[in-house]
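Summary of the model geometry
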Amino acid sequence: MNAVGFPLLSLITFLPLVGAGIIMSVRGEDAVIARNARWIALWTSLIVLLLSLILWVRFDPSTAAFQFEERLAWLPEFGVGYHMGVDGISVLFVLLSTALTPLCILASWEAIETRVREYMISFLILETMMVGMFCALDFIIFYVFFEAVLIPMFLIIGVWGGPRRVYAAFKFFLYTLLGSVLMLLAILYLWYNAGTTDIPELFEQAVPRAAQTWIFFAFLASFAVKVPMWPVHTWLPDAHVEAPTAGSVILAGVLLKMGAYGFLRFSLPLLPEASAEFAPLIFVLSVVAVVYTSLVALAQEDMKKLIAYSSVAHMGIVTIGIFTFNQQGLSGALFTMLAHGVVSGALFLCVGVLYDRVHSREILRYGGVAQIMPSYAMVFMLFTMASIGLPGLANFVGEFLVIIGAWAVNPWVAFGAALGMVLGAGYMLYLYRRVSFGRITREDLRALLDLSPREYTVFAPLILLTLWMGVYPQSFLSFFEVSVAALLQRHEAALGAARLAGM
Amino acid sequence: MFVGAIFFPLLGACISGFLGRWIGDRAAQWSTVACMVLAAICGSAAFGQVALGGHPLVQLIWTWMDVGGLEVSWALRYDTLSVVMVAMVTFISTLIHLYSVGYMSHDATPARFFAYLSLFTFMMLMLVTADNLAQLFFGWEGVGLASYLLIGYWYDRESANRAAMKAFIVNRVGDVFFMLGLALTFYIFGSIEFATIFPAVEAHAADRFLGIPAIELIGVLLFLGACGKSAQLGLHTWLPDAMEGPTPVSALIHAATMVTAGVFLVCRMSPLMEYAPVALTVVTVVGASTAFFAATIGCVQNDIKRVIAYSTCSQLGYMFFAAGVGAYQVAMFHLFTHAFFKALLFLGAGSVIHAMSDEQDIRRMGGIWTKIPVTYAVMWIGNLALAGIPFFAGYYSKDAILEAAYAAGGGAAAYAWVLGMAAAFLTAFYSWRLLILTFHGEPRADHHVMEHVHESPLVMLIPLIVLAAGAVLTGYLFAPLFIGEHAHEFWHEAIFNGPHNHILHEMHEVPHWVPLAPTVMGVAGIALAYVMYMAMPALPARLARMFSARPEMVRNLPLIPAEGAEQQTEPNPGGLYGFLLKKWYFDELYDAIFVRPARRLANVFWKVGDAQIIDGMPNGAGSLAVEASRGAVRLQTGRVANYAFAMIIGLVVFVSLFLFVG
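Residues numbered from 1 in each chain as written. Chains lettered and ligands numbered in written order. Predicted model: local features only at pLDDT ≥ 70, side-chain atom pairs only at ≥ 80, totals over all residues. Heavy atoms only, no water.

**Quick look at the overall build of chain B**
To keep it simple, the criterion reads: Labels follow the DSSP assignment, with helices taken as runs of H or I lasting at least four residues and strands as runs of E lasting at least two, numbered in each case from the N terminus. By definition in these notes, contact holds between two residues if any of their heavy atoms fall within 4.5 Å. Only the protein chains shown count as covering a residue, and every accessible area follows the Shrake-Rupley method with a 1.4 Å probe.
Of regular secondary structure, chain B possesses 27 helices and four strands. Excluding contacts between residues fewer than 6 apart, the proportion of contacts in chain B whose partners are at least 24 apart in sequence is 80%. Accessible surface, chain B: about 24,200 Å² in total, of which carbon and sulfur atoms supply 68%.

Structure follows, in structure tokens:
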């Protein structure tokens, strides 16, 4: 059946649901339920993580083919089936999702006090949806997961969020859902055109040139909101600000990658000509995103909002990379997605550490934290520097490759992306300076405790990953090298064929 | 040995940084010093084997990334150019570590300080031994980080935080150009490994990019990057503010690490720069202008460290125009000798500040030379070397630079020579102004301070004495190797001179008065300083008033020591004096052009762009849907936000079509 002899991907995908079911069946007093729910959720997510590590070990990076494939006939008469599999582009995102989930559960250990059981269930369902989305190889299955991710996230923001959580949750939900409706139309058209929704089969079918344009924009409507690209990014800061810390981590770490993943998985291979034609539009939107949101980040007074805006700027780099259509750009985009998942997740955790103690996200509420919490200041500094793109830490490799890739396409785009380096340093250092440095202005801050062992446990893997990705990125790059090369080859071939047909 | 020279400092930084809290401050300090000593031993041994023995080598560590033809490795490239830097950096950094043990003895968190100091050294070593542009960029950014941490070391001071941020961000501006230069290098050569680029330069000499010769563009972009790190005109504003860090940091930044990185880069890229004459002209002009510009400012500053800081800026200008006229070896030689006497001057200044109970304003010093004789003597030596007085280190290198500029011929080189001569005069002048105001005359500090004036402990004096020996001897000892008749044997292939570049030879054949001229200028500068500050102490203030728009604002020289009023902002008297005092108004200019507009724009984007226009749109769409459901479909929504949103989208589409299709 596949390399490991049992349906590994389905197991990874649906095991969290089993865990959620067990949590649901727990009976007893509230405190008992809460404690059991936490432990069951943690253990479930850890087992899922261990299982997913099999992917890391057994994945064969020398081929671009889908691996660990599973097929079940579902609606054969409509050409719709249950089809799972990963290739070099998706496999690391599965790992990213399964690695961040246990950390999020740990980070919520004490921060969430009400409805713990429901919270943990939501998180496990969220994990199922994320992993399923990255593994799905049937467009209908993909669409189901892609949309279903919204539901647990909507609940996490809407139930456990801050004071304006209902507004933020609805904004998040409506924005991301509206775009998706158009994508459904596009999927229906593709199904009608090819008679199947199986993704590898769809790759073989050329989409008529005339249809490519509107399908591209239908996809763009959906993916651009998820990325988010300028100017449909305003849901993100609101959602981040109101979401609980762990929600922000998943939102920044995994959910933002869904849009970019969509571009890579569908727009580029299915619509090569339209993608090439509208790449300049994407470039302009991305460069505007980098400069505009970096400047907006500079003016923020709320820590979470600042990091949220910085995410938009980083994702601008990603979209530039995707549409460069060269090996460096695409690899850089993928690497930035992973690095951003780790680093911005960690930055939200850093904010969470302070929020748990002081219950304020206002930057001016802090000052001189480095003196009171030296270990925390060191961790925060590391991730700040990673976010700025310091070489030797995770984000640099991605940005570097994207700039190199972009230069080959258009030097001004590369310049725009590089401008993010200066502005990024500006807003992050300004944030760090106001929070960590300076005199202690509030006496109540003096009583703050430094990182607890639980918090060390949460940060340690992220620190290791950040350093590892910065110093030896090759162990990640080699996963998607062949897949990216194959994607580019197909893209070139399709463009070549189109040119021949046009002559 | 080759790996040890680089990684011992990192080991020291880790021990002190991560274990400092458990092993105690003393153990942390001395372990970093021990690691530095080991590194210095390795560095000197490597110098012997590679430079003197003539065995360059590349030590591969592991692959960094390998993406579609872009191969980048972590590797240590040991040739004469890098090993000179390694030996010099490890040696001077060791002395600075040792000195810091005494200087930072009253500090609250010395373990943190020593960790940063060693990290700084490590990053600089990674920079100089890089085998490709990406690793060089790693070190490049690494020293940026370390300087940020060190300048902002006393993070409870608002001014230190501001200076640290400024240093990092101004450096980042240069880094953008570095990055673009790197991208263009890859685009042209298909590689960023030095070993691949350099032999291919000639084949690509005629390549054009966007209608510009590609090699020239790479040269200019990389030089702009170097400007940021080496504080050249335009991107120099961070350097004087960097004085907010503890004094040993200033010594490290200005002497061995960080600011020399830009000069090193230009020399490292000599095989490429030799094919980029326009870029070299730019280097020459910017370098010469900086040498002069910084020297003029140095003449009126009143903070002991700032005067020396501007002198660094000025000396870096010398190095750049030396490289610009093709005499890379001479630039490296000046870099080498400068490292010794500049470290000496900063550490000496630190010793003075230490003695004066943390006073830095030279107007509140004076009359202390008998109380701190060793410091006084080494400051003399440092200044003699800086001013290029014969037989001190600076004499050999600075003379050689001016001879090279004279010999090179051509407009840019002549411009450099004239400004270089003027700067030599100013250099000697401000050095003796500093010396006289600091040590001689009536004591202008209050008696509490004067009572406490004391010589520094031995752990601080030993590095000073060693550096003083260096400031005397390095010129004489190393001149034959670096720039002598047989210099090519010393440098091997590390520095490339084009087939028509015989500058090293020609500079020895200039008319007889040329080598003498800088010395004359130096002596004249000293004489003027003597007249103005020793013989007629009232003259400077009178001159300052004469060249001010608002003379009443010039403060009298025997400044009345104001209790507690230290570090208040200097009033601006305007006129030429004010122009110099305010550093040619660069800070004010940048504030008005970049900083404030960026802030304003940020607020407009946020409050108007995001909150009103973009968020207004979905809300408008929502209300439209509601109205539509009531059956009241209207073409005009009547909402400004909708129109504005549509306009933004339209504008973006239009711009992209215009840029990419048209």
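Still more ground to cover, so stick around.
**A look at the overall build of chain A**
What counts, and what does not: The atom set for the radius of gyration is the C-alpha atoms, and the globule formula is 2.2 Å times the number of residues raised to the power 0.38. Only protein chains enter the area calculation, which uses a 1.4 Å probe; residues under 20% of their type maximum are buried, those over 50% are exposed, and those in between are partly exposed. Here the positive residues are Lys and Arg and the negative ones are Asp and Glu; neither His nor the chain ends is included. Taken as the charge location is NZ of Lys, CZ of Arg, CG of Asp or CD of Glu.
Helix and strand counts for chain A stand at 20 helices and two strands. In summary, chain A has a C-alpha radius of gyration of 22 Å against a globular reference of 23 Å for 503 residues, a match within 12%. Expressed along its principal axes, the backbone C-alpha trace of chain A runs to roughly 75 × 55 × 40 Å. When the 503 residues of chain A are sorted by exposure, 69% land in the buried category. Intrachain contacts of chain A at a sequence separation of at least 6 include 81% that bridge at least 24 residues. Taken as a whole, chain A presents about 15,900 Å² of accessible surface, with 67% of it coming from carbon and sulfur. Each charge class in chain A can be summarised by its mean position, and for the 27 positive and 31 negative side chains these summaries are 8 Å apart.

**Focus on unusual backbone geometry**
Val-227 of chain A connects to Pro-228 of chain A through a cis peptide bond whose omega is -15°. Along the polypeptide, Pro-228 of chain A turns up in the loop between α9 (209–226) and α10 (235–242). With a phi close to 45°, Arg-115 of chain A is a non-glycine residue in the positive phi region. Summarising the element assignment, Arg-115 of chain A is placed in the loop between α3 (88–107) and α4 (116–135). Classification of Arg-115 of chain A by relative accessible area gives exposed; the value is 56%. Look at Ala-231 of chain B: it is not a glycine, yet its phi comes out positive at around 55°. Residue placement: Ala-231 of chain B occurs in the loop between α8 (214–229) and α9 (238–241).

**So, the nonpolar core**
Threshold: Here the nonpolar core consists of buried residues drawn from Ala, Val, Leu, Ile, Met, Phe, Trp, Tyr and Cys, with membership extended through side-chain atoms lying within 4.5 Å.
Within the largest apolar cluster, 453 residues are counted, with the highest numbers of intra-cluster contacts made by Phe-219 and Phe-400 of chain A. No other element matches helix α15 (residues 328–355) of chain B, which puts 19 residues into this core.

**Considering the pairing of strand β2 (residues 80–86) of chain A**
Side-chain direction in a regular strand flips from residue to residue, so the side chains alternate between the two faces of the sheet. Residues and elements named next belong to chain A. We count it as follows: Strands are treated as partners if at least two bridges between them are detected by DSSP.
Counting buried positions along β2 yields seven of seven residues, so the element is predominantly enclosed. Alternating positions in β2 separate into two faces, Val-80, Tyr-82, Met-84 and Val-86 on one and Gly-81, His-83 and Gly-85 on the other, with burial throughout. Sheet analysis places strand β1 (residues 67–75) next to β2, joined by six bridges and oriented antiparallel. Looking at the pairing, Gln-67 lines up with Val-86 of β2.

**Details of the packing of aromatic side chains**
Residues and elements named next belong to chain B. Condition: Centre distance within 6.5 Å is the pairing criterion for rings of Phe, Tyr and Trp, where only the six-membered ring of Trp is used; planes under 30 degrees apart are then read as stacked, over 60 as edge-to-face, and the remainder as tilted.
Taken as a whole and judged by the stated rule, the model has 70 aromatic pairs over all chains. Each ring, one from Tyr-148 and one from Phe-168, has its centre 5.7 Å from the other, and the planes form 70°; the classification is edge-to-face. Of the two residues, Tyr-148 is situated in helix α5 (residues 133–151) and Phe-168 in helix α6 (residues 158–189); the sequence distance between them amounts to 20 residues. We classify Tyr-148 as buried; its relative accessible area is 3%.

**Some remarks on the side chain of Ser-93 of chain B**
Residues and elements named next belong to chain B. Its location among the elements puts Ser-93 in helix α3 (residues 80–103). Exposure remark for Ser-93: the relative accessible area of 1% places this residue in the buried category. Each residue touching Ser-93, except ones within four places of it in the same chain, is listed here: Met-36, Thr-121 and Leu-252.

**Concerning the interface of chain B and chain A**
In many reports, interface size means the accessible area that the parts give up when they come together. Rules: When two parts are brought into contact, each loses some accessible area as probed by a 1.4 Å sphere; the total of that loss over both is the buried area. For this analysis, a salt bridge means a side-chain nitrogen from Lys or Arg found within 4 Å of a carboxyl oxygen belonging to Asp or Glu. Counted as a polar contact is a pair of N or O atoms within 3.5 Å, where, for protein atoms, one must be capable of donating a hydrogen and the other of accepting one, and residues adjacent in sequence contribute only when both atoms are in side chains. Nonpolar residues are Ala, Val, Leu, Ile, Met, Phe, Trp, Tyr, Cys and Pro. Charged residues are Asp, Glu, Lys and Arg, and all others, Gly as well, are polar.
Tallying the contact residues gives 60 residues for chain B and 68 residues for chain A. Together, the buried faces of chain B and chain A total about 5,800 Å²; carbon and sulfur atoms form 75% of this surface. Linking chain B with chain A are one salt bridge. Salt-bridge contacts for Glu-158 of chain B lead to Arg-433 of chain A; the nearest nitrogen and oxygen are separated by 2.9 Å. At the junction of chain B and chain A, the tally comes to nine residue pairs in polar contact (both at pLDDT 80 or more). Going through the elements one at a time, α1 (2–23), β1 (57–67), β2 (70–78), α5, α6, α26 (586–629) and α27 (640–661) of chain B are the ones with two or more residues in the side of chain B that touches chain A. Sort the elements by how many residues they give to the side of chain B that touches chain A and α6 of chain B lands first, with 17 residues. Taken together, the residues of the side of chain B that touches chain A sort by class into 43 nonpolar, six polar and eleven charged.

**A short note on the side chain of Thr-474 of chain B**
Residues and elements named next belong to chain B. Take Thr-474: it is sitting in helix α20 (residues 458–483). At 2.7 Å, the side chain of Thr-474 and the backbone oxygen of Gly-470 are in polar contact. With residues near it in sequence (within four places) discarded, Thr-474 still touches Phe-333, Phe-336, Thr-337, Phe-340, Ala-393 and Ala-479.

**With respect to a nonpolar patch on the surface**
Rules: Only residues whose relative accessible area exceeds 30% and that form no salt bridge enter a patch; like-charged residues are grouped when within 9 Å of one another, and nonpolar side chains (Val, Leu, Ile, Met, Phe, Trp, Tyr) when within 5 Å.
Where nonpolar side chains cluster on the molecular surface, the patch consists of Leu-182, Leu-184, Leu-185, Leu-188 and Trp-214 of chain A and spans about 440 Å² of accessible area. Its location among the elements puts Leu-188 of chain A in helix α7 (residues 165–194).

**A word on the pattern of salt bridges**
Evaluation of the coordinates by the stated rule reveals 15 salt bridges over all chains. Measuring nitrogen to oxygen at the nearest pair gives 3.2 Å for the salt bridge that ties Arg-361 of chain A to Asp-302 of chain A. With Arg-361 of chain A in the loop between α14 (327–358) and α15 (369–372) and Asp-302 of chain A in the loop between α12 (272–298) and α13 (303–322), the pair connects residues that are 59 residues apart, well separated along the chain. A salt bridge links Lys-166 of chain B to Asp-241 of chain B; the shortest N-O distance between them is 2.8 Å. Here Lys-166 of chain B, found in helix α6, pairs with Asp-241 of chain B, found in helix α9; they are 75 residues apart in sequence, far enough to count as distant. Through salt bridges with shared partners, a single network forms among Arg-77, Asp-79, Asp-131 and Arg-268 of chain B.

**Examining the confidence of the model for chain B**
Residues and elements named next belong to chain B. Inclusion rule: The score called pLDDT rates the predictor's confidence residue by residue, from a low of 0 to a high of 100.
The pLDDT averaged across chain B works out to 80; a share of 88% of its residues lies at or above 70. Here residues 557–568 scores under 50 on pLDDT; set against residues more than four positions off or in separate chains, the count is 15 contacts. Counted against residues more than four places away or in other chains, residues 624–641, with its pLDDT under 50, gives 15 contacts. Interface scoring of the predicted complex returns ipTM 0.86; its pTM is 0.87.

**Details of the packing of α14 of chain A against helix α16 (residues 374–388) of chain A**
All names here are of chain A. The criterion, for reference: Think of each axis as a best-fit line through the C-alpha atoms, taken over the contacting stretch in the case of a helix, with angles from 0 to 180 degrees between the N-to-C directions. The crossing is said to be left-handed when, going from far helix to near helix, the turn is anticlockwise and less than a right angle, and right-handed when the turn is clockwise.
Remark: α14 packs on α16, axes separated minimally by 9 Å, with the N-to-C direction vectors making an angle of 150°. Handedness of the crossing formed by α14 with α16: left-handed. Residues Val-343, Ala-346, Leu-347, Cys-350, Val-351, Val-353 and Leu-354 of α14 form the contact with α16, whose own contacting residues are Tyr-376, Val-379, Phe-380, Phe-383, Thr-384, Ala-386 and Ser-387. Considered class by class, the residues forming the contact of α14 with α16 number twelve nonpolar, two polar and no charged.

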